[in-house]
Amino acid sequence: MYIVFEGIDGAGKSTQIQLLKKWLEDNGFSVETVVEPTDSEIGKLIRKILQRPDAANDRIQKTLGLLFAADRMLIMDKLSDENKIILSDRSYISSLAYQTPANWIADINKYAKTPDLLLLLDLDVNISVNRCSGEDEFENEGFLTNVKDNYLKLVENYRHEIINANNGVNKVSSDIKKAVAPYLGICPDCIL
């Protein structure tokens, strides 16, 4: 199963992926995690470009769109492993939420694997801004409000669960387990 965690910056995706991974392994599942961008040379280049002062420039955004799509292709084999649950910190859905034009982003990601389950960690924009460093041009209220709105529209196209990420770490983790359990044949009422 390919489970993707999405959400605006500061939603707690990395923390929740590790908590779910441990819980799934404790329940006998084989689990692997991936993160976008990856640690490949392309992923490193993406991280470097994102730090540029002109990263929001349309030309740079289109370059990043292509790089994200290329970076994604490097992990496609990993996402096809039927013997494991793959937990991913972001996917092409992030590109659709963060970048434009949407139809072009969709076209260049047409070979990306669609998640079996999309978990949207829905976080209040003000909390996101407070959790983020503020050094990134994309970590501002206006931009993140637009991205959050995009996510809420996009999830309707996928098998998804929306998780309230405004709660504490343990509550969010419990909500995620209860959301994921039925997809894996685990009794959701048996989760502590």
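Residues numbered from 1 in each chain as written. Predicted model: local features only at pLDDT ≥ 70, side-chain atom pairs only at ≥ 80, totals over all residues. Heavy atoms only, no water.

Some words on the packing of helix 2 (residues 41–50) against helix 3 (residues 58–73)
Turning to step 1, where the next piece is worked out: The N-to-C vectors of helix 2 and helix 3 enclose an angle of 155 degrees; their axes lie 9 Å apart at closest approach. Between helix 2 and helix 3, the interaxial angle falls into the category roughly antiparallel. Two packed elements cross with a definite hand, and for helix 2 against helix 3 that hand is left-handed. Counting all contacts with helix 2, which are made through Ile42, Gly43, Leu45, Ile46, Ile49 and Leu50, the residues of helix 3 involved are Ile60, Leu64, Leu67, Phe68, Ala70 and Asp71.
Turning to step 2, where the next piece is worked out: When its residues are assigned to classes, the contact of helix 2 with helix 3 shows ten nonpolar, one polar and one charged. (Axes fitted to C-alpha atoms, helices over the stretch in contact; angles between N-to-C directions. Helix = DSSP H or I, 4+ residues; strand = E, 2+ residues; numbered from the N terminus. Parallel < 35°, antiparallel > 145°, perpendicular 65-115°, else oblique. Left-handed = near helix turned anticlockwise from the far one by under 90°. Contact = heavy atoms within 4.5 Å. Nonpolar A, V, L, I, M, F, W, Y, C, P; charged D, E, K, R; others polar.)

Overview of the side chain of Gln16
Turning to step 1, where the next piece is worked out: As for its position among the elements, Gln16 is in helix 1 (residues 13–26).
Turning to step 2, where the next piece is worked out: Not counting chain neighbours up to four residues away, the residues in contact with Gln16 comprise Phe5, Leu121, Val169, Val172, Ser173 and Ile176.

Focus on the pattern of salt bridges
Turning to step 1, where the next piece is worked out: As enumerated under the stated definition, the model contains twelve salt bridges in all.
Turning to step 2, where the next piece is worked out: Here Glu25 ties to Lys21 by a salt bridge, and the two come within 3.0 Å at their closest N and O atoms. Of this pair, Glu25 and Lys21 both sit in helix 1, four residues apart, which is roughly one turn of the helix.
Turning to step 3, where the next piece is worked out: The partner of Arg72 in a salt bridge is Glu36, and the shortest N-O contact between them spans 2.7 Å. Of this pair, Arg72 sits in helix 3 while Glu36 sits in the loop between strand 2 (31–35) and helix 2, placing them 36 residues apart in sequence.
Turning to step 4, where the next piece is worked out: Residue classification places Arg72 among the buried positions, given a relative accessible area of 4%. (Salt bridge = Lys/Arg side-chain N within 4 Å of Asp/Glu carboxyl O. Buried < 20%, exposed > 50% of the residue type's maximum accessible area, 1.4 Å probe, protein only.)

Points about the UniProt feature "binding site: ATP" (unreviewed entry) in the chain
Turning to step 1, where the next piece is worked out: Listed under "binding site: ATP" (unreviewed entry) in the UniProt record, and renumbered for this structure, are Gly7, Ile8, Asp9, Gly10, Ala11, Gly12, Lys13 and Ser14.
Turning to step 2, where the next piece is worked out: Tracing the backbone shows Asp9 in the loop between strand 1 (2–6) and helix 1.
Turning to step 3, where the next piece is worked out: The exposure class assigned to Asp9 is buried, which follows from its relative accessible area of 17%.
Turning to step 4, where the next piece is worked out: Side chain to side chain, Asp9 and Arg90 meet in a polar contact 3.2 Å long. (UniProt positions renumbered as here; feature names shortened; annotations may be inferred. Polar contact = N/O pair within 3.5 Å; in protein donor to acceptor, adjacent residues only side chain to side chain.)

Things to note about helix 1
Turning to step 1, where the next piece is worked out: Across its 14 residues, helix 1 extends 20 Å between first and last C-alpha, which sits within 8% of the 20 Å expected from 1.5 Å per residue.
Turning to step 2, where the next piece is worked out: All of the buried residues along helix 1 are Lys13, Gln16, Ile17, Leu20, Lys21, Trp23 and Leu24.
Turning to step 3, where the next piece is worked out: Summarising the contacts, the buried residues of helix 1 are in contact with strand 1, strand 2, strand 3 (85–89), strand 4 (117–122) and helix 9 (169–180).
Turning to step 4, where the next piece is worked out: Gly28 sits one or two residues past helix 1 and shows a positive phi near 90 degrees. (Expected span 1.5 Å × (residues − 1).)

Overview of the side chain of Lys148
Turning to step 1, where the next piece is worked out: Along the chain, Lys148 falls in helix 8 (residues 141–154).
Turning to step 2, where the next piece is worked out: At 3.2 Å, the side chain of Lys148 and the backbone oxygen of Leu123 are in polar contact.
Turning to step 3, where the next piece is worked out: Ignoring any residue separated from it by four or fewer positions in sequence, one finds Lys148 in contact with Ile8, Asp122, Leu123, Asp124 and Val125.

Thoughts on the packing of aromatic side chains
Turning to step 1, where the next piece is worked out: Summed over all chains, the structure comprises three aromatic pairs.
Turning to step 2, where the next piece is worked out: Aromatic pair Tyr92 and Tyr158: ring centres 6.2 Å apart, planes at 70 degrees, arrangement edge-to-face. A residue pair is termed long-range when its members are at least 10 positions apart, and Tyr92 in helix 5 (residues 92–98) and Tyr158 in the loop between helix 8 and strand 5 (160–164) qualify at 66 residues. No difference in accessibility class separates Tyr92 from Tyr158, as the two residues are buried.
Turning to step 3, where the next piece is worked out: Ring centres 6.2 Å apart and planes at 80 degrees place the aromatic pair Tyr98 and Tyr151 in the edge-to-face group. With Tyr98 in helix 5 and Tyr151 in helix 8, this pair connects stretches of sequence that are 53 residues apart. (Phe/Tyr/Trp six-rings, centres within 6.5 Å; stacked < 30°, edge-to-face > 60°.)

Thoughts on the packing of helix 1 against helix 9
Turning to step 1, where the next piece is worked out: Remark: helix 1 packs on helix 9, axes separated minimally by 10 Å, with the N-to-C direction vectors making an angle of 55 degrees. Considering the angle they form, helix 1 stands oblique to helix 9. Helix 9 is crossed by helix 1, and the crossing has right-handed handedness. Residues Thr15, Gln16, Leu19, Leu20 and Trp23 of helix 1 form the contact with helix 9, whose participating residues are Val169, Val172, Ser173, Ile176, Lys177 and Val180.
Turning to step 2, where the next piece is worked out: Looking at side-chain class alone, the contact of helix 1 with helix 9 contains seven nonpolar, three polar and one charged residues.

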